[in-house]
Structure formats: structure tokens, C-alpha cells
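# Structural features, examined
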Amino acid sequence: MFENDHNENGMENTQFDSQSMNDDLSVSGVENITKKSKGKKAALAGGIAAAVVAGGSTAAYAASDTVKNQVKLRLSKPDKYYAWVTENNSKNLGQILSENYKKSIDNMEKGADAKFSLSFEPTQEAKDMLTNELFRGSSNDETKQFEDIIKNNDSIGITADWSSKKGMTNGSFGLELSGKRVTGIDAAIDSDAMDYFVRIPELKEQWIGVAMGNTVDELVRDEETKEIFDTYKEIMKDPASFLSPDELETEVNRYVGVWSDFASDVKLEKKETVDICDIKVNYTVATVELNEKDVTKLGLEFLKKVKSDDIIKGIVVDKVKAVDSEDKFNESIDEAIDDIKDRLDENDFDEDTTVTLDTYIDATGTIRGLGFSAEDEEFTMVIGKDGDNIRGEMKAVSDGEEEFNAKLTADEQGKDKYSGDIAITYPVRSYDYDDDGKLQKNNSMKDAVIKFDDFEVVDKEKGYFNGDFAINVPGVDPIDFSFSTDGKKQEMNYEVRIDGTDYGKLKFAYSVDYGTDVDIPSKDGAFMVDVNDADNFKLEEYASQDEFSKFAKGIMTQVGIDDKTADELAKYATEELYDSVDSGLDIEDDDFDWDDDDLDFDEDEDDDRQPTTSDSDDDESEDFDYEKYMAEFDWDSLKYEDYKDFMTEDEFKEMVEEGKKYADEYSSKAGSKTESTTKKAS
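Summary of the structure given here. (Residues numbered from 1 in each chain as written. Predicted model: local features only at pLDDT ≥ 70, side-chain atom pairs only at ≥ 80, totals over all residues. Heavy atoms only, no water.)

## Some details on the overall build of the protein
Helix and strand content of the protein: 17 helices and 22 strands. A total of 682 residues make up the protein; the buried ones form 29% of that total. Taking all contacts inside the protein whose residues are at least 6 apart in sequence as the whole, residues at least 24 apart take part in 51%. A total of about 44,000 Å² of accessible surface is found on the protein, and carbon and sulfur atoms cover 50% of it. (Helix = DSSP H or I, 4+ residues; strand = E, 2+ residues; numbered from the N terminus. Buried < 20%, exposed > 50% of the residue type's maximum accessible area, 1.4 Å probe, protein only. Contact = heavy atoms within 4.5 Å. Areas by Shrake-Rupley, 256 points an atom, 1.4 Å probe, with all protein chains shown as cover.)

Here it is as C-alpha cells:
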């Protein structure tokens, strides 16, 4: 989690150096030479003392980032110190990015082989719930074998093996029951030639292939678009030819340098006490304020640097060919520069609004946090360490309201092992209408906590680590993950618990190895599909119906379906698939040829005649009285057992009570209406 910094001599220095030193940088442990020491003896002693002081100070400066930082802090002007810190941190960042980029390129050259697996092991309770839901508790000879598939298998899962090298990729995806493969799909890609292959090995060993390269050449007529395709393929095959690791490092340092040179008005607050969660840390805080005009000037400096940047120019002009020539590249940059200069000459800027940038710097000169603020906007992230206690905070404010807040509380437990939690506070917004009918927004803050125990990175390059994690979100059952590695693969286990019910265990694993060869199928032996004639594709030409039926039956019998049922299902699946693929959607117009006579009703055919509006008007007594039906319905005759699949028992009771209430109201109204009619008649 917290790596070690390295000084220029390669000597390690803990990221949160606690080396003590006084404000005067005095060297302790060397006694003064007394007045009684005279002659050669005194001179010799003085020389030795001077050598010790000079040599010790030089060695300390060379070895300790803390000493270097303190010397720079006390002997440099604020802007020079800030530039030194920024550029040193940029140098470290550039080296890290360059090294990681180089590793990625090297691994791509070697070839990477990745394996993934995801499986679910249901509990017996989960199996029972599933069978009850699917079969409604009714069991017979036909359904029993399907129930047995669920009951007799301990797990269901998917696997994937994926290899890639220099634009060549092949992979295999499989479905497993109880750890045994049932079926799957193989795929292969030659991204350079744009050839794509796929097959189901259990159905047929032969590949189905599609050659897209020729099709793209036919579809893309203009040279510009073809160049884009060619450039894309070259980048995928050899990314270093467009931007090398050394060039990446150069670019990071180049453009951080623009900022450090520009930031001339810097305020330093030495030994400022910064509260981070429950610890206090002394940092040097460098503050830079920018108004709208300053930001515009900074943009101008960046453009000037871009114009003289041979790396970017080479990529844009020679490699990607986004512009035709270097002259046009310079011309476009010059136009942008002139536009900014014109705006600066007009001098129409908001001088009152400023953006404040705070940089938190520790005793070694390492940047430990950044803060941005402007009017009602704010963003801060900072980390610190006190002994074994590591704390961090991140906060975002928008329009004066807190949008996000995260606090890290961790304790270091031995070398590179940590336990603690991350508390995240986030807003939950709801909307409703006030008494005047106006829409109003309601805000409330909720807290989620991610707890981790014994977290340690075992292999940084492959991303293998150990640790137990628990995620607690309001209104959601806790989610517990356990990560472990033996150095060869990464594993994850998740106990699925919802509303107090244990449904089973979800398992995930992956591994990555470097140094592999990738084989791509030959087009000569593959069943190649002509993209331009895809409408005439016939599945029967690749695999016969007998072959597919045998394949389908094999899968069904493997999972536990009897021969007779498997035969019937395989036959049905085969017919449906081949009819839909081979027949297509060729529908004759005659299928929808309606004659007027089809809708010509004979007035004498009363029995078949549909009722019309006039029919209803003539005999209103035939209308269905829904209100009367609901009022006279026997609500006590309803049983919850008939409705338990659709509602809870409380919802059922509420429905019955509402029905009875409605019936009483209707009866009361009907009684009043009858009494009134009787009085009028009398």
C-alpha cells in the first residue's frame, strides 16, 4: 500500500521519514576543540574534526532525502523550492510510469497467457428454493430428472483461457458442472490480417472463419480511412514505435516543468499542522493562487512547449498522420497561440475569482496531498503517517454542498501488511412536492464502510494479494470477500447472504504468466464465410443436422437427462435452429393477403356477429356491473395460500380489508339510493 521512495543513489528511505533534526541543521556528537589543545596535536585533532563534520554532512546529504529537502527549504526562495519539489516528484512519477509501460511492452513481446474461472456453489437451501420456484413443489417422472440436475451438482461455473502475443489472440470459454466441462466455445483473432475464427469443439473440430481484411479494403475506398486502420494495427502490434518508455518519461517531466516554471508567486507555510482523521502531521504547505488571466497565460505556455515538442510533433505528423506536414502542425499551433495572445491583449478577465492550489509536502520533499478550491467548489486529498498509523482523507464539495468524503484509517502490521477501513460518506437525494406543489430536493448523507484485514500485495506486477474485505452499505446485507494467493494465482471467495439466508459461495480465480506462443487457425482448413454473401450462409454446409443433434443430445445426457427425453429435446432444438438459420425470414406476401370479404359480416348471422356500440345502448341491462360485483363478492372466501407467490401476508390482509371496506361503502350508497327512489315514487 505504501511503497518505499528511493533517492538518487538508490538508497531506500521510508516514505514517511521520521528522521529528526533541529532548525539550524546542526551536527550533534562532535565535541569542540578546547583552547588547551595546541601545536601539531591540536591541528591534527581539528583537522580530523573538520573532516568528520564535512564528510558526515556530505554523506547525510547524499543519503537522506530528508536532509536534501530541509536544505532546499531553508536556502531556496519559495518558488524555487516549490519548483524543485514538483520536478523531483514528477521525475519519480515519470520513472514509475515509464517502467510500468516498458514492462507491459516486454510482456506483450513475450506473450501473455491468462486463465480465469468463476463458479457458484449453492447451499442445499438454495437448491430447494430453486426447485420449488421452477417446479412449484410438484414432482413427476418428467420433472424429476431436471430436479436431479440441480440436486446432484455441487457447482456451476465458467472458465476462460486467453493468450495473446503481437496482435495474435486465441482463447477458450467453457461451461462446467461440478468442475467438469460440459461444452464451450473457442475463438482466435489475427488483428493484423483481421481474420476471426470460432468453433464449438464438442460439435466439430473445424473452425468457422471470417476474413474481414479484404472486406474492409473493399468497403473503405478513401486513403485517409485506410491509413487510420493501418495505424491502429501498427499501434496494437508495436506501441513502442509510437511512444517509447523513455519518451513517456520525457513528456511527463516536460509538462510538469511548464507548471513549475510558471508558478512564481508561491507562499510557503512551514511545519503547518494538518489534521488527517485522528492524527496530526506537520507538512510544508505550498499555496499558489491563479485567476482567470493566470490560467490563460498557463495555457499559452503549454502551447509554446507543444510547438517545440519533437515527440508530439513526430507522433501527430509522421506516425498518426493527423496533419499532412510539420508546417501545418506549426501553423495550427500558431493560430491557437495568436488567439490566446489576442485575448490577453483585450484583458477582459474576471480578476476576482481565483483558484487556490495547496500542495502538502512531507519532510522528505515528497508530495503527500493536493487541494483545489474556487468559490463554492473544493477538492482535497491528503495522506499521512504517525508511527504505525496511516490516515488519509478525500473530500469533494460542489456548490457549497459536500458531494463525497472518504477517510482511510489503517494500521501497519509488519512489512507491507495493513488492516483498517475506508469510510465513505455520500449524499442520497430524493424529490417531492411541497404544499404549494413546487418540486423540492431533499438531501441526506449516508455512510458506507469498507473494512480490510491483513491486506498485503504479494506480486505487484501480476496484482496478486491477500486480505479479507467487508463492505457495509446502509440497507444492504454485509458483503464479505476473502482474497488469497499462493504466488501462482489469485483467488477470491464470497459468501452470498441475502436477508439472513445463506445461498452459497461464489469463487473467482485468475492467473497470468508471460512467455507463450499463440497459434492461429489456417484459413485453408477452416470453413470460411464470405461476409459479402452472408445471407446465403447454410449451417447445414458446416455441420449436418445429425451432427448437431448428436452434439445436443450429448450435452443433455451428460448433465443427467435420460436418453428418451434427450432425443426429443435434441430433435426439437435441431429443427428450430436449422429452420431459423437456413430458412431465414423469407415470408411470402400471400401470407398476409386479406380479402374484404373476410371482414364482411352478414346481418342474419346473429350468433357470430360481434356486439356493436348500438347493441350496448339498446340493452344496458346486459352491461357488466363491476362495482356491484366487487361489493357482493365474498372477500372472506379468499385464502392467502392462493396469493403467496404474488404478495406478502400483510399485503394480502390489506387487500381483503380494502375490499370489505369498499363493499360496505357501496352497500350504504345503494341503500340510500333505493330509499330515495321509493320516496319519490310515493
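Still more ground to cover, so stick around.
## Re the side chain of D309
You can see D309 is positioned in the loop between α9 (292-307) and α10 (310-319). Within the local environment of D309, its side chain forms a polar contact with the side chain of R254, the two groups lying 3.3 Å apart. Of note is the side chain of D309, whose polar atom sits 2.6 Å from the side chain of Y255. Setting aside chain neighbours within four positions, we find D309 in contact with E251, R254 and Y255. (Polar contact = N/O pair within 3.5 Å; in protein donor to acceptor, adjacent residues only side chain to side chain.)

## Side note on the packing of helix α2 (residues 65-75) against helix α3 (residues 78-110)
Contact pair α2 / α3: the axes reach a minimum separation of 8 Å and the direction vectors enclose 150 degrees. The angle between α2 and α3 falls in the class roughly antiparallel. Seen from α2, the contacting residues are K68, N69, K72 and L73; seen from α3, they are Y81, W84 and V85. For the contact of α2 with α3, the residue count by class is 4 nonpolar, 1 polar and 2 charged. (Axes fitted to C-alpha atoms, helices over the stretch in contact; angles between N-to-C directions. Parallel < 35°, antiparallel > 145°, perpendicular 65-115°, else oblique. Nonpolar A, V, L, I, M, F, W, Y, C, P; charged D, E, K, R; others polar.)

## Let's talk about a negative patch on the surface
Where like charges cluster on the molecular surface, the negative patch consists of D327, E331, E335, D338, D339, D342, D345, E346 and D348. By the element assignment, D338 lies in helix α11 (residues 326-346). (Patch = residues over 30% accessible without salt bridge, like charges linked within 9 Å, V, L, I, M, F, W, Y side chains within 5 Å. Salt bridge = Lys/Arg side-chain N within 4 Å of Asp/Glu carboxyl O. Lys, Arg positive; Asp, Glu negative; His and termini not counted. Charge placed at Lys NZ, Arg CZ, Asp CG, Glu CD.)

## Some thoughts on α11
Since the α-helix packs 3.6 residues into each turn, any two residues three or four apart lie on the same face. With 21 residues, α11 should reach 30 Å at 1.5 Å per residue; the first-to-last C-alpha distance of 30 Å fits that figure. Among all positions in α11, only F329, N330, I333, I337, I340 and L344 are buried. Here the buried residues of α11 occupy an arc of 90 degrees about the axis, which is enough to place them on one side. Opposite the buried face of α11, at more than 90 degrees from it, the exposed residues are D327, D339, D345 and E346. Where α11 is buried, its residues contact α9 and α10. (Expected span 1.5 Å × (residues − 1). Arc of directions from axis to C-beta.)

## Regarding the packing of α3 against helix α8 (residues 245-262)
Across the interface, α3 lies against α8 with an axial gap of 8 Å and an inter-helix angle of 160 degrees. By the angle between their axes, α3 is roughly antiparallel relative to α8. Crossing handedness for the pair α3 and α8: right-handed. (Left-handed = near helix turned anticlockwise from the far one by under 90°.)

## Structural notes on a nonpolar patch on the surface
A cluster of nonpolar side chains, namely L118, I156, I158 and L175, defines an oily patch on the protein surface of about 320 Å² accessible area. Of note, L118 is situated in strand β3 (residues 112-122).

## A word on the environment of S444
Here S444 lies in strand β17 (residues 439-459). Using a relative accessible area of 36% as the deciding quantity, one classes S444 as partly exposed. When the C-alpha positions of S444 and P427 are compared, they lie 5.6 Å apart, and in sequence the two are 17 residues distant. Other than its neighbours up to four places away in sequence, S444 contacts Y426, P427 and V428.

## Quick notes on α9
If you check α9, its first and last C-alpha atoms are 23 Å apart, about what 16 residues at 1.5 Å a residue would give, namely 22 Å. Taken as a whole, α9 has its buried residues at T296, L298, L300, L303 and V306. Close packing links the buried residues of α9 with α8, α10 and α11. Capping the start of α9 is the job of one residue whose side-chain oxygen sits 3.1 Å from the backbone nitrogen of K293: N291.

## Some remarks on the pattern of salt bridges
Under the definition given, this model contains 31 salt bridges. The shortest N-O distance in the salt bridge between K166 and E109 comes to 3.5 Å. Taken together, the residues K166 in the loop between β4 (156-165) and β5 (168-177) and E109 in helix α3 connect sequence positions 57 residues apart. A relative accessible area of 32% means that E109 is categorised as partly exposed. In this structure, D513 engages K462 in a salt bridge whose closest nitrogen and oxygen atoms are separated by 3.5 Å. Pair noted here: D513 is in strand β21 (residues 501-514) and K462 is in the loop between β17 and β18 (464-472), with a separation of 51 residues, a long-range link.

## Section: unusual backbone geometry
Here the phi dihedral of S178 falls at roughly 50 degrees; this positive angle occurs in a residue that is not glycine. Considering the arrangement of structural elements, one finds S178 in the loop between β5 and β6 (180-190). Phi at C277 takes a positive value of approximately 55 degrees, unusual for a residue other than glycine. Among the structural elements, C277 can be located in the loop between β9 (266-276) and β10 (279-291). Residue classification places C277 among the partly exposed residues on the basis of a relative accessible area of 26%.

## Digging into the environment of F537
Of note, F537 is situated in the loop between β22 (527-528) and α12 (539-542). Classification of F537 as partly exposed rests on a relative accessible area of 24%. Each C-alpha atom of the pair F537 and V581 lies 8.2 Å from the other, and the pair is 44 residues apart in sequence.

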